[in-house]
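In case you want the letters, here they are:
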Amino acid sequence: MDKEKIVELLNQDLEGEHAAIIQYLTHAYAMGEGEMACEIEAIAREEMRHLDWLAETTVELDGAPSLKRGEMRMGGEAVAEWMGNNVLQEEDGINQYKEHIKAIDNPKIKRLLKRILSDEESHHADFQHFVDKAKKEGAKDLRGSRRDEVTQILDWGIEHEYTVILQYLLHSYLTPNDEVKEEMQDQAINEMQHIGWLAEEMVGGGGNPRIEHTKVDRSTKTADMLRADIKVEKEVAEAYDRAAKKMKDPDLKKLLLRIRDHEIYHTEVFTDLLREETD
Ligand SMILES: [Fe+2]
Ligand SMILES: [Fe+2]
Ligand SMILES: [Fe+2]
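Residues numbered from 1 in each chain as written. Chains lettered and ligands numbered in written order. Predicted model: local features only at pLDDT ≥ 70, side-chain atom pairs only at ≥ 80, totals over all residues. Heavy atoms only, no water.

S.K.: Go over the coordination of the iron ion (ligand 2) with me, naming the residues and quoting the values.
M.R.: Taken together, the protein donors to the iron ion (ligand 2) comprise E161 (OE), E161 (OE), E191 (OE), H194 (ND1) and E263 (OE), at separations of 2.0 to 2.3 Å. Between the iron ion (ligand 2) and the iron ion (ligand 3) the interatomic distance comes to 3.9 Å, and E191 is a ligand of both metals. With E191 and H194 both in helix 6 (residues 178-204) and three residues apart, the pair spans about one turn of that helix. For H194, a relative accessible area of 0% corresponds to the buried category. (Donors = N, O, S within 2.8 Å, 3.2 Å for Na, K, Ca; no water. Helix = DSSP H or I, 4+ residues; strand = E, 2+ residues; numbered from the N terminus. Buried < 20%, exposed > 50% of the residue type's maximum accessible area, 1.4 Å probe, protein only.)

Spelled out as structure tokens, the structure:
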């Protein structure tokens, strides 16, 4: 099988991981704090590692990681139904990985896909167990229908965070500069914290987080990536600052200011890296 074909298959797998991550995080956020929500978040984190490995492998094969998100299963009224959807999502993943393991002859990639497959089989069993657990424990959808200026700001924040997570991950995969790569990965993880905080705030306040993103910068030169990243960080640091000033709830104000400070830090880190890159 030629490299391009392998990249195509790996990108299909990557899109499936992307869909699973957002589907599972949506469920975990909607359930609020609790043991099952934590376990679902842990599964989503394993899917993130898969996404990372798949993306790195496509780059090793001179391909570009796909940013598309595969099909999600977001239906279902009760938590038990969501868990049933997650079982189906894992089944699709398992079937696809099995097909790709059969089709790909490169031993290193085969080994990687088998490694991922074993995780998916374990997730599949976990979600089957969660179907019963949700029924027994009466796990609830805690989301509400609140819509006002606060939920608008939280929605904006979530959309921004999701966008930069994808952007920094993509940049980390594409840059040949190891220091930039490491910082991009680090800051992407920090942005994942932000999205979690904002989504939890949203659910806690009676809203319904909508996890969508806007346009991701696809620069291929490191300096261009950094310029794009600095621009977005400067804009959002200011936007978080303005938003914090509008908040009456002191905890929410504090949270937005904390995120703002992180964004200022990101701007400074990226600015230093750009200086080194263009020296
Ligand atoms: Fe999985
Ligand atoms: Fe952020
Ligand atoms: Fe940031």
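Now that the structure is up, let's keep going.
S.K.: How would you explain the coordination of the iron ion (ligand 1) if you had to name every residue and give the values?
M.R.: Surrounding the iron ion (ligand 1) are the protein donor atoms E47 (OE), E90 (OE), E90 (OE), E120 (OE) and H123 (ND1), which sit 1.9 to 2.4 Å from the metal. Each donor residue of the iron ion (ligand 1) belongs to the same chain, and together they define the spacing E-x42-E-x29-E-x2-H. Of this pair, E47 sits in helix 2 (residues 35-60) while H123 sits in helix 4 (residues 107-137), and the two are 76 residues apart along the sequence. For the pair formed by E47 and H123, the shared burial category is buried.

S.K.: Explain the environment of V180 to me, using residue names and the numbers behind them.
M.R.: Residue position: V180 is located in helix 6. A sequence separation of 45 residues divides V180 from M225, and the C-alpha atoms of the two residues are 9.9 Å apart.

S.K.: Which residues make up the packing of helix 7 (residues 222-246) against helix 8 (residues 250-278), and what are the values?
M.R.: Across the interface, helix 7 lies against helix 8 with an axial gap of 8 Å and an inter-helix angle of 160°. As summarised for this structure, helix 7 and helix 8 are arranged roughly antiparallel, according to the angle between their axes. Crossing handedness for the pair helix 7 and helix 8: left-handed. (Axes fitted to C-alpha atoms, helices over the stretch in contact; angles between N-to-C directions. Parallel < 35°, antiparallel > 145°, perpendicular 65-115°, else oblique. Left-handed = near helix turned anticlockwise from the far one by under 90°.)

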